[in-house]
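A look at the structure
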Amino acid sequence: MKISSSKSIIESLISENIDFIFGYPGGAVLHIYDEIFKSGVKHILVRHEQAAVHMADGYSRSSEKIGIVLVTSGPGYTNCITGLATSNFDNSSILILCGQVIKKLISQNSFQELDNLNISSTIVKNFFSLNCYYNIQYLISKSFKISKIKKGPVVIDFPKNLTDNNYKIRKKYPFIKNTILKKNTFYINFVFKRPIILIGGGIKNSFNFLLLDNFIKKSKIPFISSFMGLGGFNYRNLYYLGWLGMHGDACVNNIIHFSDFIICIGTRLDDRITNENKFFSPYAKIIHIDINKDSISKTIFCKNFFLIDLVFFLNKKIKKKNFLNWWKFIIFLKKFFKKKYKNDFFFCKPQQIIEFIFYLSKGKMFITTDVGQHQMFSAKYYNFNYKCFITSGGLGTMGFGLPSAIGIKFANKNKKILLITGEGSFQMMMQELSTCKQYKINILIINLNNQSLGMVKQWQELNYKNRYSHSYINSLPNFKKLLNSYEFYSFSFYNIKKFFYLFSKLKFVNIFCFINIYINHKENVFPIQIFNKSMCECITFFSIKKYEKKFNFNYL
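Note that the structure is predicted; figures quoted are calculated from it, not measured.

Within the protein, the regular secondary structure consists of 19 helices and 22 strands. For the protein, the share of sequence-separated contacts (at least 6 apart) that also reach a separation of at least 24 residues comes to 76%. Entry remark: accessible area of the protein is about 25,300 Å², with carbon and sulfur atoms responsible for 54%.

Shown next as structure tokens:
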């Protein structure tokens, strides 16, 4: 039996058990859209192509399935670039089906023709350009395998004429074998007294968190996480100390600085968690465990690394040792840097809001955020359950929140989805409110409104002597009227008590609700690391750097 090439695309996707296609139609993909109409495949119409990629991203991260995006050529594809870069940095599995002009017009500066390969070659795991309609089934099948193994975006470029109904091919889907990684045994022979395990975002792509719990329990080694590692483990684990980085816990930044042995699991040691590379953990020997060779020695040179599956490593045993003095030092650091902020029950403080949300939701909601101060407050004051935290960490994409929340909802229809955003990020993708209305997407949105670009403003206070150059937003919309125009519920608060009362009621109902909370614009995120310094040097209430020479590490 022979079928049209455009129908072959849809049937190839159906054979991979896809649930949704997120997209926006255009001239170069109308043959495919015609087959979607005939097939009954669920297509989610977005209002901007960037939102389609973010939705597929959120869908993929929350369901462990491949997110599918369909866009047209030219501007349709360039609008996807930010979403592709976001997916690439955070290793989420998505497949982009992109239209292209007909083959004979390629390389002639035709209408809506661009060199998609060179535009995106550095931010995708693989890029395929269809040159023969016979290859359609093979490319789609191969792309699914690559996206699952490499954990990132894959793009297929379809010239319009090759998806024409005049091209007929056999109804056959080739089987591609998975490559099996050789699992060699290895041993840790280093002598160490102050060990630490660093968990990265790769941990969420590999296994059930109980495996990590058992590994920690057997080794008796304390562990910390990167920002992207949040939600990849059991936060109740007694050996968990917190997360490190530019705005991470001050005690954790000091713990890794004074450690003598670091086991890095599923992290690329990004510059946001190392600060100045030459000062990073000067006393430590580092072992790096990752399946992605591009993550090894990316910023910090690592002589001892293993390109293996994390599950294999976590089934290994590390010889138990007595770390009593190390634990005493850790407890001292925890007390020294005990995080504290002043409560204010009349005016809303972002720290209180996040803590109230966790208290009321008991950590059972899917949390997604945009990028900015609200993102850091969420990470610091909310304890995330396994895979319940989805955010743009590697690229830091403002506007990621709303479309990713929609994607998460499509993947988890019976779960509560909470978006924590700021007025700057929300305005970048707020046109997707129309998508929420069309598909009856019920999510809760908390807008921490400080009436400024908070993170930019904080940097201007610290480095530019309070010269607020274009970081204040003087033309904010009336969010309540905006949401009401879409027939959504909306509330605005200045008082923390009223918010507490409303949110305690909202967790029991299934509606779309936008809560705009005016917070103190003077509230900043601390600690913050000092640029080009070591991990233990940061702007906070205390500094331990001056005591460093007094510590006798021979006895720790």
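Let us look at the pattern of salt bridges. Counted by the stated rule, this structure contains 10 salt bridges. For R61, the salt bridge goes to D90, with nearest N and O atoms at 3.1 Å. You can see R61 sitting in helix α3 (residues 49-63) and its partner D90 sitting in helix α5 (residues 81-90), a full 29 residues away along the chain. Residue E461 pairs with K457 through a salt bridge whose shortest N-O separation is 3.2 Å.

Strands belonging to one sheet form pairs held by backbone hydrogen bonds; the direction of such a pair is parallel or antiparallel. In spatial order, the strands read β11-β10-β9-β12-β13-β14; together these six strands make up an open sheet with parallel pairing. Only two strands of the sheet have a single neighbouring strand rather than two, namely β11 (240-243) and β14 (304-307). Each strand axis lies, on average, 20° off the axis of its neighbour in the sheet, ignoring direction. Packing against the sheet, helix α9 (residues 250-258) makes contact with β9 (195-199), β10 (223-225), β11 and β12 (261-265), and its axis sits at approximately 105° to β11.

Attention now goes to the sheet that holds strand β15 (residues 366-369). Sheet architecture is open: six strands sit in the order β16-β15-β17-β18-β20-β19, paired in parallel fashion. In this open sheet, the two edge strands, each paired with only one partner strand, are β16 (389-390) and β19 (489-493). The pairing of β15 with strand β17 (residues 417-421) spans four bridges and is parallel. By the bridge assignment for β17, T368 is matched with L419. In the packing of helix α19 (residues 496-506) onto the sheet, contacts are made with β17, β18 (444-449), β19 and β20 (513-518), and the angle to β20 comes to roughly 165°.

Once that is clear, we can look at helix α17 (residues 454-463). What α17 keeps buried is the set G454, M455, K457, Q458 and Q460. Buried residues along α17 sit in contact with α13 (373-381) and β21 (528-529). Of the residues trailing α17, K465 is marked for its positive phi of about 55°.

Our focus in this paragraph is the packing of helix α1 (residues 5-15) against helix α2 (residues 30-39). It is the contact of α1 with α2, at a shortest axis distance of 9 Å, that shows an interaxial angle of 55°. When the axes of α1 and α2 are compared, the pair comes out oblique. Crossing hand, α1 versus α2: right-handed. Here α1 contributes S6, K7, I9 and I10 to the contact with α2, which in turn contributes H31, I32, E35, I36 and S39. By residue class, the composition of the contact of α1 with α2 is four nonpolar, three polar and two charged.

Once that is clear, we can look at the pairing of strand β7 (residues 153-159). Along β7, seven of the seven residues are buried, which leaves the element largely enclosed by surrounding structure. Burial along β7 is two-sided: P153, V155, D157 and P159 facing one way and V154, I156 and F158 facing the other are all buried. Bridge analysis of strand β5 (residues 94-100) against β7 gives seven bridges, and the strand direction is parallel. Paired with L95 across the strands is V154, a residue of β7. Across four bridges, the pairing between strand β6 (residues 126-129) and β7 is parallel. Its bridge partner lying in β7, S129 is registered against D157.

Looking now at the nonpolar core. If you look at the biggest cluster of nonpolar residues, it comprises 91 residues, and the most contacted ones within it are I353, I357, I446, F499, F503 and I515. Among residues more than four places away in sequence, those in contact with I446 are I353, I357, L418, L419, I420, T421, F499, F503, I515 and I517. One finds I44, A51, Y77 and F426 within the second-largest nonpolar core, a separate group that totals 46 residues.

For the rest of this paragraph, the subject is the confidence of the model for the protein. Residue-level pLDDT values for the protein average 85, and 90% of them are 70 or greater. In the predicted structure, residues 172-186 sits below a pLDDT of 50 and forms 28 contacts with residues beyond four places in sequence or in another chain.

With that settled, consider a nonpolar patch on the surface. Judged by side-chain polarity, L462, F526, I530 and I539 come together as a nonpolar surface patch covering roughly 280 Å² of accessible area. Here L462 shows up in helix α17.

Moving on to the environment of E113. Tracing the chain through its elements places E113 in the loop between β5 and α6 (116-120). As a C-alpha pair, E113 and S73 span 40 residues in sequence and 6.5 Å in three-dimensional space. Setting aside anything within four residues of it in sequence, one finds E113 in contact with Q100, V101, L105, I106, S107 and Q108.

In the segment running from F526 into P527, the intervening peptide bond is cis, with an omega of 5°. Summarising the element assignment, P527 is placed in the loop between β20 and β21. Although it is not a glycine, K362 sits at a positive phi angle of roughly 55°. Non-glycine residue N466 carries a positive phi angle of around 60°. Within the fold, N466 resides in the loop between α17 and α18 (479-485).

So, how was this worked out
Residues numbered from 1 in each chain as written. Predicted model: local features only at pLDDT ≥ 70, side-chain atom pairs only at ≥ 80, totals over all residues. Heavy atoms only, no water. Helix = DSSP H or I, 4+ residues; strand = E, 2+ residues; numbered from the N terminus. Contact = heavy atoms within 4.5 Å. Areas by Shrake-Rupley, 256 points an atom, 1.4 Å probe, with all protein chains shown as cover. Salt bridge = Lys/Arg side-chain N within 4 Å of Asp/Glu carboxyl O. Pairing = 2+ DSSP bridges. Axes fitted to C-alpha atoms, helices over the stretch in contact; angles between N-to-C directions. Buried < 20%, exposed > 50% of the residue type's maximum accessible area, 1.4 Å probe, protein only. Parallel < 35°, antiparallel > 145°, perpendicular 65-115°, else oblique. Left-handed = near helix turned anticlockwise from the far one by under 90°. Nonpolar A, V, L, I, M, F, W, Y, C, P; charged D, E, K, R; others polar. Core = buried A, V, L, I, M, F, W, Y, C linked by side-chain atoms within 4.5 Å. pLDDT = per-residue confidence, 0-100. Patch = residues over 30% accessible without salt bridge, like charges linked within 9 Å, V, L, I, M, F, W, Y side chains within 5 Å.

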